[in-house]
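A structural walkthrough
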Amino acid sequence: MKKILGIVALSLLLSSNAFAGKEEFNNWLNSFGLSKPIIQDEIYYMGISYDGKPNKLINSFAILISMINEDVYSENKRYFVRYGCKPRDCGNKGFLWIDLKKKVAIGVITHSFWGEQDFTKESNYKKGQIFIFSNFFKDSKDFPDEFMKTYSEWIKKAEIEPSFYRFLNSKNELKEISQIK
């Protein structure tokens with residue numbers, strides 16, 4: 001009986017710590033003072049969740065940029081960028097770009113799975129998939145030049161070879177795009 005109570009207590013403690021981490025991540029995102037949430041409230045499977053199930057975009061992104069990360073500000077402190085990767089799986093990476101003056105943001109996730117974790121279905125697994133999301137831009141053609149420059153440098157530095165692009169825009173429309181320009 002004591003063993004069962006101990007397991008239950010430990011489970012509750014761990015789940016409350018996980019919640020605190022999500023709350024801290026949300027507070028951190030909100031600290032930039034943007035007019036909209038940075039991340040849309042959508043659920044996808046990209047092979048990033050710890051349980052092998054579809055996950056909210058914010059949770060997947062938190063896994064990528066919360067624990068193993070690097071923050072960079074531009075010289076004039078106008079632009080903020082955070083790079084990160086999934087602990088014990090740095091093949092999945094995240095990139096957050098924020099224009100602190102115009103108060104807009106764009107997020108990027110590199111991943112290999114889409115839909116479900118199934119190696120037998122070629123359509124579900126493809127290395128180098130790029131998932132871009134922004135609550136501030138309707139069309140990828142409108143991305144700021146500074147974002148494009150920083151994104152291109154990140155792709156090169158991280159040795160990512162994009163194979164497929166998806167863009168979740170400010171209207172919550174998920175579009176396949178040939179590439180970003």
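All of the points below concern the structure found in this document. (Residues numbered from 1 in each chain as written. Predicted model: local features only at pLDDT ≥ 70, side-chain atom pairs only at ≥ 80, totals over all residues. Heavy atoms only, no water.)

Turning our eyes to something else, we now look at the state of the cysteines. Summed over all chains, the structure comprises 1 disulfide. Sulfur-sulfur distance for the disulfide between Cys85 and Cys90 comes to 1.7 Å. Exposure remark for Cys90: the relative accessible area of 36% places this residue in the partly exposed category. (Disulfide = S-S within 2.5 Å. Buried < 20%, exposed > 50% of the residue type's maximum accessible area, 1.4 Å probe, protein only.)

Next up on the list: the environment of Phe95. If you trace the backbone, Phe95 turns up in strand S5 (residues 89-99). Spatially, the C-alpha atoms of Phe95 and Asn69 are 9.4 Å apart, while their sequence positions differ by 26 residues. (Helix = DSSP H or I, 4+ residues; strand = E, 2+ residues; numbered from the N terminus.)

So, about the nonpolar core. Residues Phe147 and Tyr151 are the most contacted members of the largest nonpolar core, which totals 48 residues. The set of elements that each furnish at least two residues to this core consists of helix H1 (2-30), helix H2 (57-65), strand S4 (79-86), S5, strand S6 (104-113), strand S7 (125-133), helix H3 (145-157) and strand S8 (164-168). With 7 residues, the single largest contributor to this core is H2. Aside from chain neighbours lying at most four places away, what touches Phe147 is Phe95, Trp97, Ile106, Val108 and Ile180. (Core = buried A, V, L, I, M, F, W, Y, C linked by side-chain atoms within 4.5 Å. Contact = heavy atoms within 4.5 Å.)

Turning to the side chain of Arg82, a few remarks are in order. Within the element layout of this structure, Arg82 appears in strand S4. Side-chain polar atoms of Arg82 contact the side chain of Asp71, separated by 2.5 Å. The residues touching Arg82, leaving out its near neighbours within four places in the chain, are Trp28, Ile65, Ser66, Asn69, Glu70, Asp71, Gly94, Phe95 and Leu96. (Polar contact = N/O pair within 3.5 Å; in protein donor to acceptor, adjacent residues only side chain to side chain.)

Taking 1.5 Å per residue as the helical rise, H3 with its 13 residues ought to reach 18 Å, and the 18 Å between its terminal C-alpha atoms agrees with that figure. Of the positions making up H3, those classed as buried are Phe147, Met148, Thr150, Tyr151, Trp154 and Ile155. Where the residues of H3 are buried, they touch S4, S5, S6, S7 and S8. Immediately beyond the C-terminal end of H3, within one or two residues, lies Glu159, with a positive phi of roughly 55°. (Expected span 1.5 Å × (residues − 1).)

Quick look at the side chain of Ser49 now. Looking at the element boundaries, Ser49 is found in the loop between strand S1 (43-44) and strand S2 (55-56). A distance of 3.2 Å separates polar atoms of two side chains, one belonging to Ser49 and the other to Asp51. In this structure the side chain of Ser49 is engaged in a polar contact, spanning 3.4 Å, whose partner is the backbone nitrogen of Gly52. Each residue touching Ser49, except ones within four places of it in the same chain, is listed here: Asn55, Ile63 and Lys86.

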